[in-house]
Protein chains: 2
Amino acid sequence: MTPTEAYDALLYHARRISALEQAAGLLAWDQETMMPPRGGAQRAEQMGALAAVLQELRTDPRQEDWLATAEGLDDPAPDVRADLREIRRDLTRAARLPAGLAEALARERSASHQIWAQARADRDFAAFAPALGRVLALRREEAQAVADPGQDLYDALLDHYEPGASVAQMEPVFARLREGLTGLLDRIRGSSVRMPKISGAFPETAQMALAHELAGHCGYDFASGRLDRAVHPFSSGSGGDVRITTRVDPANPTECLFATLHETGHALYEQGIAAELHMRPAGGHASMGVHESQSRFWENHVGRSAAFAPFLRDRMKIAFGGLGLRSADALFASVNAVAAGFIRTASDEAQYDLHILMRFDLERALLSGDLPVEDLEIAWADRFEADFGRRPPHAGLGCLQDVHWSEGLIGYFPTYTLGNLNAAALAAALRRDLPDFDEILHRGDLAEPLDWLREKVHRHGRVIPAGELMAQACGGPVDEAPLLAHLEAKFGAIYAL
Amino acid sequence: MTPTEAYDALLYHARRISALEQAAGLLAWDQETMMPPRGGAQRAEQMGALAAVLQELRTDPRQEDWLATAEGLDDPAPDVRADLREIRRDLTRAARLPAGLAEALARERSASHQIWAQARADRDFAAFAPALGRVLALRREEAQAVADPGQDLYDALLDHYEPGASVAQMEPVFARLREGLTGLLDRIRGSSVRMPKISGAFPETAQMALAHELAGHCGYDFASGRLDRAVHPFSSGSGGDVRITTRVDPANPTECLFATLHETGHALYEQGIAAELHMRPAGGHASMGVHESQSRFWENHVGRSAAFAPFLRDRMKIAFGGLGLRSADALFASVNAVAAGFIRTASDEAQYDLHILMRFDLERALLSGDLPVEDLEIAWADRFEADFGRRPPHAGLGCLQDVHWSEGLIGYFPTYTLGNLNAAALAAALRRDLPDFDEILHRGDLAEPLDWLREKVHRHGRVIPAGELMAQACGGPVDEAPLLAHLEAKFGAIYAL
């Protein structure tokens, strides 16, 4: 077999994996949007059967031989190099995983998830702690198995979501970000400015129609996707079929609109990956932090910006009649109001990353064992009080609020903040290339910023590693400065700081 | 391995196959209902990848060993016996299929389907004939390979859709049916009675709302299914997730309503199969002819009956305002009008089986070679003229109208007529057990007939072979008499014959 033949065999195999991953993704999408209530039990079996097939394909031993031969390719193009790099990554990880660990984790995750849901409803952390301990132990075992020699255990898990990232590199950035954010939050809490509130009637059909319109304005291609309702909004799919979902709160239309913009951002990224990379290892997203930067760009730097508010207000007035707001500035203020809540997902831009940073610190301490699981509830409350100035009244508003840890997702949280850092750095770079960005937002004609993102980020898929991709797009390594500058400007204006 | 362990291993394997078949079914459903236009290419790859996985599982050689051992079970229960019988059937068929034939067929089918679609649009049979010849040759090869010693080749294909059926057994029934139907059609054509026509405004949302209501009236369980629109209505799924689709013609609401009743009938069957049979070989449908009997029962013996017309008219008047019809009898007449068309799928109850019977005869002659492919267009027109009294003006209204042969579906058509025969025999038997069936239809309270069908047909799945199941339910082997009596009574009343 020549290196070229071996590469073709690898890609053929990867394409089949990709097709079945897409099928599994569709099953998951359907479960959240279309499936009737009694379809759940057999859906679980369908997903389990597909997962088993995928596991077999991913660990097919022929891949190692093909890869070894294909790595002898003479001066491969960047996309081919990326294919080989990604397959090597996956095979190395798979080869290091002890037999049975994946199954044990899947079992523990599923059990732990159910225990967590009940514990959260009961606000009873003690009921969840043992299950969390078991999942953590398995993830620690996984980290020990897959880590490179001398690699930090947390980094070994983080790498799955954010290839190439490390605690050593993030920690100083995150520390300065935390300092800036707690300072900003202090000043906001000291402000006497009160935010206006939207009021009116917001029928579901009008909300969904406006959501469709906004997604289209951003450049979302409905010929390659669709928009539906889901309890927890998400985007899914790739290539020619990238679907988004949103939720509707009849009392508050901004829930629906910003969830739509967020998921549209994710979907625009997937829709923008170059067609020749589709269904290839090089055609994935660069990292979760890059993916999240796209959702945050459209949600926060477009949707919640002062410059976009006049356009948004016009559309909302057409859709709903009145909003009970005197001006576009009032809309801008109302959608950026900072409230004294406890829940991450309901948090505003000023507080969101403080939520993430505490989870990042806590989950590292949990993984290393420095923080015993049973002490988590107190540690959470202490840290929350330090950063937010108040203690959660119970664990349901504290350390039981997120689903992530119940499923053993350790190393995922920081990608949210990386997303916000990247989004702010991209927005700053984009403003340098498109000095009339505010004018563009004002007109609501968003083709130019989308083209910029397509060119700088989307089309590359996973060919360029995430850190390098962001540095190229932003003109240097991403740090806390653009995000802090953005937040200082926005909240300074609103709260007259 | 004990016979019990071997049986458990077989069932575990079958369950995995069933789960992946359900997944493939969902992909197909989504393609017809939800998928965005540009999702088609990757959907084809997803379905292909799943088909390859299923093919591997279905031909897993371990099954033969398990089955041989499990067949040593001591006095197995009927459902266990049915599991073993069905697995034996599938393995025997798979073992006899020459390597590569399935792939060659899949390729030819796909190519032939596209050629057919173009030829139909062009009304050009000569353009399609060579592709049809190639598909036929492969199906003939398949029949020769899978046939039992001495078995008729057509029977070998028919058996896949209608286990246990044979030409020898159907031919005399079909011959008498044809005689009865051509006689009835002659008399209808001689009648001077003209049918009333529905008129009014039938908005899509009102049609879909009424379709939902009617499906619910029949006992369709929306907690285990859903109703959507599709270009060509179909039902799909099994167990706790059985979905139906319907179409909407803004000019004519009966299209939507009868398509809904038809698909509801299919779905009620699937929803009624005993839960303990789900995802087992014994839990399939008994045959296509039994499946079709359920759709036809609800479409024709409920939906198009004189007794149901008052209830249906009330609901339609509420949904649409007016119908432009003076009475329930006028609705009954209008939905049973016999028109001089050429298209099977648009045909009424009186002519439908004549369409099928000619296809049955023609496809047998094609398979045996008695009818050369290039003579099909003329043979079709001759036969059509003999039965319907007129010649199709072109092949698009003649032998190019159906998709079936383009995909090599030989042996499938007769199951439509078996469905009509079974439905009429079941309706007659049901009337003996529920003498007030007309009263029930009049009230639109359909729980009793559904219970009867559940008990006699649905719950058994594939445990009892189709012919035996129908004979038990109907009090004897099914022949042409109940269907002819039903049609004579209905059309006699409408056309004053």
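What counts, and at which threshold
Residues numbered from 1 in each chain as written. Chains lettered and ligands numbered in written order. Predicted model: local features only at pLDDT ≥ 70, side-chain atom pairs only at ≥ 80, totals over all residues. Heavy atoms only, no water. UniProt positions renumbered as here; feature names shortened; annotations may be inferred. Helix = DSSP H or I, 4+ residues; strand = E, 2+ residues; numbered from the N terminus. Contact = heavy atoms within 4.5 Å. Buried < 20%, exposed > 50% of the residue type's maximum accessible area, 1.4 Å probe, protein only. Axes fitted to C-alpha atoms, helices over the stretch in contact; angles between N-to-C directions. Parallel < 35°, antiparallel > 145°, perpendicular 65-115°, else oblique. Left-handed = near helix turned anticlockwise from the far one by under 90°. Pairing = 2+ DSSP bridges.

Caption draft 1: Region of the structure containing the UniProt feature "binding site: Zn(2+)" (unreviewed entry) in chain A. Residue and element names in this part refer to chain A. UniProt records the feature "binding site: Zn(2+)" (unreviewed entry) for H262, H266 and E292 in the present numbering. The named residues occupy 31 residues along the chain; their greatest pairwise C-alpha distance, 8.7 Å, places them in one compact cluster. Along the polypeptide, H262 turns up in helix α10 (residues 253-272). The contacts of H262, once residues within four sequence positions are left out, are E292, S295, R296 and E299. Topologically, H266 is positioned in helix α10. The buried category is assigned to H266, whose relative accessible area is 8%. Each residue touching H266, except ones within four places of it in the same chain, is listed here: S235, H291, E292, Q294 and S295.

Caption draft 2: Summary view of the packing of helix α10 (residues 253-272) of chain B against helix α11 (residues 288-303) of chain B. Residue and element names in this part refer to chain B. Running from N to C, α10 and α11 point in directions that differ by 135°, and their axes come no closer than 7 Å. By the criterion of interaxial angle, the relationship of α10 to α11 is oblique. Both α10 and α11 take part in a crossing whose hand is right-handed. Two secondary-structure elements touch here, α10 through F258, L261, H262, G265, H266, L268, Y269 and E270 and α11 through V290, H291, E292, Q294, S295, R296, W298, E299 and G303.

Caption draft 3: How the structure looks around the environment of P203(A). Its location among the elements puts P203(A) in the loop between α8 (167-190) and α9 (204-218). In this structure the C-alpha to C-alpha distance between P203(A) and V248(A), which are 45 residues apart in sequence, comes to 9.0 Å.

Caption draft 4: Main features of the side chain of E299(A). Residue and element names in this part refer to chain A. Mapped onto the elements of the fold, E299 is located in helix α11 (residues 288-303). Residue classification places E299 among the buried residues on the basis of a relative accessible area of 9%. Among all residues touching E299, those that are not within four sequence positions of it are F258, L261, H262 and R304.

Caption draft 5: Structural detail: the sheet that holds strand β2 (residues 235-238) of chain A. All names here are of chain A. In spatial order, the strands read β1-β3-β2; together these three strands make up an open sheet with mixed pairing. Only two strands of the sheet have a single partner each, and these edge strands are β1 (227-229) and β2. For this sheet, the mean inter-axis angle between neighbouring strands, taken without regard to orientation, is 20°. In this sheet, strand β3 (residues 241-246) lies alongside β2 in antiparallel orientation, the contact comprising four bridges.

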